[in-house]
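The chain contents come next:
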Amino acid sequence: MTGKERREQLLDVGRSLFAEKGFEGTSVEEIAAKAGVSKPVVYEHFGGKEGLYAVVVDREVERLLGSITGTLTTTDRSRELLEQAALALLDYIESSSDGFRILVRDSPVASSSGGTFATIMSDVGSQVEHILIAEFKNRGFDAKVAPLYAQMLVGMVALTGQWWLDARKPRKADVAAHLVNLAWNGLKNLEAKPKLLSR
């Protein structure tokens, strides 16, 4: 194998083991054995398990963010954007289950992109803020709270995605439809100045 091919092989092996066993449950010995190489080869390419893990997480972050943010520019209709973002996350979970399993675990190793699932979802929330800011302004609502609503929406979709990773029922399109139903109809009937009834 060329150096590049060996590196990709180690990334594939590491990704599989990290998804199955987590960072702590995976050893350099296991990675090397499954790849059919000696431990020094892993160290040569990545400096150790931490380096390999960081590259795996970075790649998954790029893949997930790319799939979600790519959908945020395909239409200017708010409900369709919400539908497309929900489907993009579910598509990623379906096509990259191992990667998603890695991301939803709290990363003990800092990756160059931030790494933890909460951080990634917070970034996605920040990227959808502008959609909600525009919608809030159109309705005469306080646009300063739009970032809060963006984080709530992304959190709802992300936690549902974590549940669906294992459940896989109902179908992906149905899950997305129910997510959008709750989010959209909730947003549609939003109160301009909500108050707690108990206060």
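The rules behind each value
Residues numbered from 1 in each chain as written. Predicted model: local features only at pLDDT ≥ 70, side-chain atom pairs only at ≥ 80, totals over all residues. Heavy atoms only, no water. Helix = DSSP H or I, 4+ residues; strand = E, 2+ residues; numbered from the N terminus. Buried < 20%, exposed > 50% of the residue type's maximum accessible area, 1.4 Å probe, protein only. Contact = heavy atoms within 4.5 Å. Areas by Shrake-Rupley, 256 points an atom, 1.4 Å probe, with all protein chains shown as cover. Lys, Arg positive; Asp, Glu negative; His and termini not counted. Charge placed at Lys NZ, Arg CZ, Asp CG, Glu CD. 1 Å grid on protein atoms, 1.4 Å probe; cavity = no way out; pocket = protein on both sides within 12 Å on 5 of 7 lines; lining within 4 Å. Points joined across faces, edges and corners; volume = space filled by probe spheres on them. Nonpolar A, V, L, I, M, F, W, Y, C, P; charged D, E, K, R; others polar. pLDDT = per-residue confidence, 0-100. Salt bridge = Lys/Arg side-chain N within 4 Å of Asp/Glu carboxyl O. UniProt positions renumbered as here; feature names shortened; annotations may be inferred. Axes fitted to C-alpha atoms, helices over the stretch in contact; angles between N-to-C directions. Parallel < 35°, antiparallel > 145°, perpendicular 65-115°, else oblique. Left-handed = near helix turned anticlockwise from the far one by under 90°.

Side note on the overall build of the chain
Okay, so step 1: A count of helices and strands for the chain gives 9 helices and 0 strands.
Okay, so step 2: Seen through its C-alpha atoms, the chain measures out along the principal axes to roughly 65 × 40 × 30 Å.
Okay, so step 3: For the chain, with 199 residues in total, the buried portion stands at 44%.
Okay, so step 4: Put simply, of all contacts in the chain between residues at least 6 apart along the chain, 66% involve residues at least 24 apart.
Okay, so step 5: When the accessible surface of the chain is summed, it comes to about 10700 Å², and 53% of that surface belongs to carbon and sulfur atoms.
Okay, so step 6: Of note, the chain has its 25 positive side-chain charges centred 4 Å away from the centre of its 26 negative side-chain charges.

Focus: empty space enclosed by the protein
Okay, so step 1: Considering all chains together, one arrives at 1 cavity of 30 Å³ or more under this definition.
Okay, so step 2: Within this model, the largest cavity holds a volume of roughly 340 Å³.
Okay, so step 3: Elements that contribute at least two residues to the lining of the largest cavity include exactly helix 5 (78-95), helix 7 (117-139), helix 8 (146-167) and helix 9 (172-188).
Okay, so step 4: Among the elements that make up the lining of the largest cavity, the one with the highest residue count is helix 7 (8 residues).
Okay, so step 5: Broken down by class, the residue content of the lining of the largest cavity amounts to 22 nonpolar, 1 polar and 2 charged.

Here we look at the confidence of the model for the chain
Okay, so step 1: Across the chain, the average pLDDT comes to 86, with 93% of residues at 70 or higher.
Okay, so step 2: Contacts from residues 108-113, a stretch scored under 50 in pLDDT, to residues over four places away or in other chains number 13 contacts.

With respect to the side chain of Glu129
Okay, so step 1: For Glu129, the position within the fold is in helix 7.
Okay, so step 2: Of the buried charged residues, Glu129 lacks a salt bridge, with Lys137 as the closest side chain of opposite charge at 11 Å.
Okay, so step 3: Here Glu129 is in contact with Ala146, Pro147 and Ala150, once residues within four sequence places are set aside.

What about the UniProt feature "DNA-binding region" (unreviewed entry) in the chain?
Okay, so step 1: When the UniProt feature table is mapped onto this chain, "DNA-binding region" (unreviewed entry) is found at residues 27-46.
Okay, so step 2: Counting secondary structure, residues 27-46 comes out at 80% helix and 0% strand; the distance between its end C-alpha atoms is 14 Å.

Concerning the pattern of salt bridges
Okay, so step 1: Scanning the entire structure with this criterion turns up 11 salt bridges.
Okay, so step 2: For Glu60, the salt bridge identified is with Arg15, shortest N-O distance 2.7 Å. Here the residue Glu60 occupies a position in helix 4 (residues 49-71), and Arg15 occupies one in helix 1 (residues 3-21), the gap between them amounting to 45 residues.
Okay, so step 3: In this structure Glu60 comes out as buried when scored by relative accessible area, which is 2%.

Observations regarding the packing of helix 8 against helix 9
Okay, so step 1: For the pair helix 8 and helix 9, interaxial distance at closest approach is 11 Å and the crossing angle is 155 degrees. Relative to helix 9, the element helix 8 lies roughly antiparallel. Our pair here, helix 8 against helix 9, has a crossing hand that is right-handed. Contact with helix 8, carried on its side by Tyr149, Leu153, Met156, Val157, Thr160 and Trp164, involves Lys172, Val175, Leu179, Leu182, Ala183 and Leu187 of helix 9 and no other residues of that element.
Okay, so step 2: When the residues that make up the contact of helix 8 with helix 9 are grouped by side-chain class, the tally is 10 nonpolar, 1 polar and 1 charged.

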